[in-house]
Amino acid sequence: MSTQYLPKPFAILESFSQYWAANTAAERAGCRLNANPQEREAFYNAVNPLLHEALAYLDNKAPRDFNEQEQCLMKMLLSFAHIALAIEVQGPDEDAQGTLRRHMTITRAVADL
Amino acid sequence: MSSQTNKKATMPPEEELALGTDPIPAKPYYCPDFFALEREAIFKRTWLQVGHMSELPEAGSFIVREVDIANASILITRGKDDQVRAFHNVCTHRGTQLVSQKDGTAATFTCPYHAWTFTDKGDLRAAPDFERFYTDKSQCSLPKVSIAVCAQLIFINLDPTPTQSLQEYLGPLAAELETLTVAHATHFSEYVYEIDANWKLSYDNFQENYHLRFIHPRSGEAASGPDNPFGYPVKYGFEDPHRTQTIWHNPGFQPKPTQGFAMGKAVEFALASGVVNIENAKQYYALFPNFFALGSPTQPFTHCIMPIAPNKSRGVIRIYWAGEDQSATQRFSREYNTATAMDIHAEDRSVIEAGQRGLDSGALKHIHFQSQEVLCRHLYTQVERYVTAYQQEQSA
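Given the structure is predicted, the values throughout are model-derived calculations rather than measurements. (Residues numbered from 1 in each chain as written. Chains lettered and ligands numbered in written order. Predicted model: local features only at pLDDT ≥ 70, side-chain atom pairs only at ≥ 80, totals over all residues. Heavy atoms only, no water.)

Trainee: What's the story with the interface of chain A and chain B in this structure? I'm lost.
Mentor: Interfaces are frequently sized by the accessible area removed from exposure as the parts join. Contact with chain A, which involves 40 residues of that partner, is made by 35 residues of chain B. Overall, the association of chain A and chain B removes approximately 3500 Å² of surface from exposure, summing both partners, and the carbon and sulfur fraction of that is 60%. The largest per-residue losses of area from chain A upon contact with chain B belong to Met 104, Arg 108 and Val 110 of chain A, which jointly make up 20% of the total buried on that side. Taken together, chain A and chain B are joined by five salt bridges. One salt bridge in this structure joins Arg 32 of chain A and Asp 343 of chain B, with 3.0 Å as the shortest N-O distance. (Contact = heavy atoms within 4.5 Å. Buried area = accessible area lost by both parts, 1.4 Å probe. Salt bridge = Lys/Arg side-chain N within 4 Å of Asp/Glu carboxyl O.)

Trainee: In this structure, what is going on with the sheet that holds strand β7 (residues 108–110) of chain B? I would like to understand it.
Mentor: Hydrogen bonds between backbone groups are what pair the strands of a sheet, and the pairing can be parallel or antiparallel. All names here are of chain B. Strand order across the open sheet formed by three strands is β7-β8-β9, with antiparallel pairing between neighbours. On the outer flanks of this sheet lie β7 and β9 (124–126), each paired with one strand and no other. Taken pair by pair, the neighbouring strands of this sheet meet at an average axis angle of 35°, ignoring direction. Pairing between strand β8 (residues 117–119) and β9: two bridges, direction antiparallel. (Pairing = 2+ DSSP bridges. Helix = DSSP H or I, 4+ residues; strand = E, 2+ residues; numbered from the N terminus. Axes fitted to C-alpha atoms, helices over the stretch in contact; angles between N-to-C directions.)

Trainee: Can you walk me through the nonpolar core in this structure?
Mentor: Burial of nonpolar side chains together is a common tendency in soluble globular proteins. Residues and elements named next belong to chain B. Counting 89 residues, the largest nonpolar core has Val 67, Ile 74, Ile 76, Ile 156 and Leu 177 as the members making the most contacts within it. The element best represented in this core is helix α9 (residues 374–395), accounting for seven residues. Lining this core are residues from two domains, each supplying at least three of them: domain 1 (3–45 + 171–395) and domain 2 (48–161). Leave out the neighbours within four places in its chain, and Ile 76 touches Val 50, Leu 56, Ser 61, Phe 62, Ile 63, Val 84, Arg 85, Ala 86, Ile 147, Ile 154 and Ile 156. (Core = buried A, V, L, I, M, F, W, Y, C linked by side-chain atoms within 4.5 Å. Buried < 20%, exposed > 50% of the residue type's maximum accessible area, 1.4 Å probe, protein only. Domains from an automatic or database assignment.)

Trainee: Sorry if this is basic, but what is going on with helix α5 (residues 68–90) of chain A here?
Mentor: Residue and element names in this part refer to chain A. When the terminal C-alpha atoms of α5 are compared, their 32 Å separation across 23 residues agrees well with the 33 Å that a helix rising 1.5 Å per residue should span. Counting buried residues in α5 gives 18 out of 23 residues, a clear majority hidden from the surface. The N-cap residue of α5 is Asn 67: its side-chain oxygen and the backbone nitrogen of Gln 69 are 3.0 Å apart. A positive phi of about 50° marks Gly 91, the residue just after α5. (Expected span 1.5 Å × (residues − 1). Polar contact = N/O pair within 3.5 Å; in protein donor to acceptor, adjacent residues only side chain to side chain.)

Trainee: It is not clear to me how the packing of aromatic side chains should be interpreted in this structure. Could you clarify?
Mentor: To describe a pair of aromatic rings, you give the distance between the ring centres and the angle between the ring planes. All names here are of chain B. For the structure shown, the criterion picks out 22 aromatic pairs over all chains. On the basis of an interplanar angle of 50° and a centroid distance of 5.5 Å, the ring pair of Phe 188 and Tyr 320 is categorised as tilted. On the criterion of sequence distance, the pair formed by Phe 188 in strand β12 (residues 187–195) and Tyr 320 in strand β18 (residues 312–321) is long-range, its members being 132 residues apart. For Phe 188, a relative accessible area of 1% corresponds to the buried category. When its relative accessible area of 0% is taken as the criterion, Tyr 320 is described as buried. (Phe/Tyr/Trp six-rings, centres within 6.5 Å; stacked < 30°, edge-to-face > 60°.)

Trainee: I tried to follow the pairing of strand β16 (residues 291–294) of chain B on my own but got confused; where do I start?
Mentor: A regular strand places its side chains on the two faces of the sheet in alternate fashion. All names here are of chain B. Residues Phe 291 and Ala 293 of β16 are buried on one face, and the alternating residues Phe 292 and Leu 294, pointing to the opposite face, are buried as well. Bridge analysis of strand β15 (residues 283–287) against β16 gives four bridges, and the strand direction is antiparallel. Bridging from a neighbouring strand, Ala 286 pairs with Phe 292 of β16. Here β15 folds back onto β16 in antiparallel fashion, the turn holding three residues. Where β16 meets strand β17 (residues 301–309), three bridges bridge the pair, whose relative direction is antiparallel. Bridged to Ala 293 within β17 is Thr 302. Counting the residues in the hairpin turn of β16 and β17 gives six residues.

Right under this line is the structure:
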């Protein structure tokens with residue numbers, strides 16, 4: 001598979017990058033809010049088996065030294081942090097919980113600096 | 001339930017603290033006149049937490065904070081001499097708000113109206129055609145606001161001559177705050193919310209655990225369980241006008257896979273940083289009037305509830321971190337734990353607003369606090385004490 005946005009070992013996740021590699025924590029929270037249950041589940045199922053491998057891959061460098069593809073992978077993994085909460089913790093309550101979460105505004109995140 | 005929790009449940013501390021057990025009047029939670037009294041008696045003369053030193057990283061850094069209840073905008077500067085100062089953000093010519101940015105770096109501040117220019121020490125440095133005024137520059141400095149720092153947290157006091165220093169005000173809690181992550185933090189994440197509710201009603205939600213099992217059935221599993229179905233604290237502490245609780249942890253809590261990973265890593269990173277005092281990990285500090293800090297190394301958050309109107313407030317929640325992200329795993333862990341805290345806080349907001357709608361109707365003369373809502377009772381008694389003292393001063 002040819003890769004454009006992600007490091008080669010994670011090319012299998014390429015189709016998710018367009019939507020889920022969001023730039024800021026506020027945008028990633030928005031991705032969670034605006035995805036439907038099928039989209040959330042598909043993303044979770046694709047990334048979950050690769051989470052530890054992907055983090056170990058990225059841990060070889062400090063975040064400030066990431067190239068564009070590594071940054072893209074990092075952003076996807078950060079979106080996974082939000083989606084893991086939706087799937088693993090909120091489960092069937094996720095959509096109802098989302099209506100409450102819409103009133104919270106992320107104004108700053110350490111990953112965005 | 002543990003014996004300690006049982007003891008708290010059957011031996012409420014109200015009597016020994018002289019807090020009483022009577023119902024609490026409902027009116028102070030919605031009445032505009034009482035809100036106006038709180039403005040003068042509390043918010044214009046106690047220490048208010050408004051920022052963190054990491055927001056002023058170098059000489060020349062500044063931040064601006066709005067204190068809505070006092071209609072005040074506060075300019076906080078770190079001067080070339082490294083001194084941190086606070087001023088009313090008001091040009092002394094004709095009152096124009098001087099700085100419109102929320103933060104930045106500047107050696108001087110120039111009023112957009114007639115270009116009066118002030119130094120970071122608040123002195124008027126230059127004003128066009130100043131010779132035509134009937135005053136001199138020494139009379140035109142920015143109005144100073146009292147400022148002090150504890151645990152890197154910036155506090156201001158709108159009383160020009162505070163009756164207590166910040167250290168005196170915080171008492172023994174000042175030393176405890178210095179052991180928390182916030183005291184060593186260089187970075188933070190932040191989320192905010194607006195809420196149609198009185199500041200006390202909002203604040204009370206976050207200092208009682210009675211609601212956990214009903215409002216946080218999924219996100220609150222770590223804080224309640226079969227041994228302690230309501231997740232009541234292990235211990236309460238009272239350092240008037242402040243209070244603390246020691247949070248109970250459910251020993252049977254089974255974290256979800258990503259949750260366990262992210263929280264475990266957060267503990268690992270916190271311990272490796274060498275700045276976390278794990279002894280205070282379960283301590284939850286409620287500083288009068290409107291500020292919380294949690295000792296947890298995985299979610300070291302602060303929560304400030306700013307009053308805006310009798311039935312409107314703003315919550316500002318920050319998760320503080322020592323050092324920038326060193327690795328992808330650390331970055332992941334921080335994002336996960338911040339999102340977790342936000343999930344929990346989001347679940348509280350709408351039920352607090354529902355409470356305000358009920359109180360606004362005036363249908364209730366009183367509200368009731370049970371023994372494990374003693375921190376809410378304590379807040380009300382402190383508010384009442386400050387308001388009564390103010391009224392007595394005014395009538396003297």
